[in-house]
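The residues making up each chain are set out below.
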Amino acid sequence: MPLTAADVMTREVIAVTPGTPVAEFARLCAEDRISGAPVVTVDGRLVGVVSRTDLLPALLDSSTREDGAGGAFGAKLSAVASLIGRTREEERVLVFVQFPDLLQKVHEALTAAGLRVAMLKGTPTQRSKVIEDFQQHTLKKGDARVLLLNLRDESAAGANLT
């Protein structure tokens with residue numbers, strides 16, 4: 001007899017309400033090692049499902065923050081931009097982005113913070129040129145000192161950055 005959903009389901013369900021703060025849901029995911037939860041009203045009516053995949057865009061979007069902290073790109077991304085901004089001008093920085101759909105948002109945030117940023121995109125020849133330019137021994141005025149890499153992109157995984 002084939003396995004059914006009832007055979008593999010979690011019986012002790014952790015649920016959240018529509019008013020649960022995103023940060024609280026993130027804490028639940030980490031502490032209870034869950035990947036998602038049903039969203040239920042106070043009377044127990046199912047109104048949706050929230051997952052870990054929903055977290056990152058929500059945390060980066062400052063409109064989800066009650067206090068509005070972090071500017072247009074959210075507190076965490078603003079903190080990353082600030083940290084990079086405090087590194088020495090002659091230092092180069094690699095930033096790996098796990099989610100392809102967030103790559104452009106990270107690029108916009110770092111650029112808005114006044115950082116010179118390069119991204120791997122285009123043809124293999126264009127990508128090689130970006131890496132070559134980034135690896136120059138001496139940074140010139142206007143050269144990118146931050147290279148954004150998509151973790152899921154094979155050209156980023158195979159790039160020789162030494």
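Caption draft 1: Molecular detail of the sheet that holds strand E3 (residues 93–97). The 3 strands are arranged E3-E5-E4 in an open sheet whose pairing can be described as parallel. Bordering the open sheet on either side are E3 and strand E4 (117–119), each of which pairs with just one other strand. On average, adjacent strands in this sheet sit at an angle of 25° to one another, irrespective of strand direction. When E4 meets strand E5 (residues 146–150), the two strands line up parallel, connected through 3 bridges. Paired with Val117 across the bridge in E5 is Val146. Sheet strands touched by helix H5 (residues 103–112): E3, E4 and E5. Its angle to E5, the strand with the most contacts, is close to 170°. Where helix H6 (residues 124–134) meets the sheet, its contacts fall on E3, E4 and E5, and the angle it forms with E5 comes to roughly 145°.

Caption draft 2: View of the environment of Lys121. Topologically, Lys121 is positioned in the loop between E4 and H6. Here Lys121 falls in the exposed class, since its relative accessible area comes to 53%. As for Lys121 and Asp153, which are separated by 32 residues in sequence, their C-alpha atoms are 9.8 Å apart. Setting aside its immediate chain neighbours within four residues, Lys121 contacts Gln126 and Arg127.

Caption draft 3: Spotlight on the pairing of strand E1 (residues 36–40). In the sheet, E1 pairs with strand E2 (residues 46–51) via 5 bridges, with the strands oriented antiparallel. Paired with Pro38 across the bridge in E2 is Val49. Linking E1 to E2, which pair antiparallel, is a turn of 5 residues; within it Gly44 sits at a positive phi near 90°.

Caption draft 4: Spatial organisation of the nonpolar core. Within the largest apolar cluster, 17 residues are counted, with the highest numbers of intra-cluster contacts made by Ile84, Val95, Val97, Leu110, Val146 and Leu148. Sorting the residues of this core by element identifies helix H4 (75–85), E3, H5, E4 and E5 as the ones contributing at least two each. Examining the composition of this core, we find that 4 residues originate from one element, H5, more than from any other. Ignoring anything within four residues of it in the chain, the contact list for Val95 reads Ile84, Leu110, Val146, Leu147, Leu148 and Leu149.

Caption draft 5: Molecular detail of the confidence of the model for the protein. Across the protein, the average pLDDT comes to 81, with 84% of residues at 70 or higher. Contacts of residues 62–69 to residues separated by more than four positions or lying in other chains number 10 contacts, the stretch itself having pLDDT below 50.

Caption draft 6: Fine view of the pattern of salt bridges. Counted according to the given criterion, the structure contains 5 salt bridges. Arg27 serves as the salt-bridge partner of Glu24, at 2.5 Å between the closest nitrogen and oxygen. Residue Glu24 and its partner Arg27 are both found in helix H2 (residues 22–32); the two are separated by 3 residues, about one turn of the helix. Judged by relative accessible area, Arg27 falls into the partly exposed class, the value being 32%. Counted as one network, the salt bridges with shared partners bring together Glu24, Arg27 and Glu31.

Rules behind the numbers
Residues numbered from 1 in each chain as written. Predicted model: local features only at pLDDT ≥ 70, side-chain atom pairs only at ≥ 80, totals over all residues. Heavy atoms only, no water. Pairing = 2+ DSSP bridges. Helix = DSSP H or I, 4+ residues; strand = E, 2+ residues; numbered from the N terminus. Axes fitted to C-alpha atoms, helices over the stretch in contact; angles between N-to-C directions. Contact = heavy atoms within 4.5 Å. Buried < 20%, exposed > 50% of the residue type's maximum accessible area, 1.4 Å probe, protein only. Core = buried A, V, L, I, M, F, W, Y, C linked by side-chain atoms within 4.5 Å. pLDDT = per-residue confidence, 0-100. Salt bridge = Lys/Arg side-chain N within 4 Å of Asp/Glu carboxyl O.

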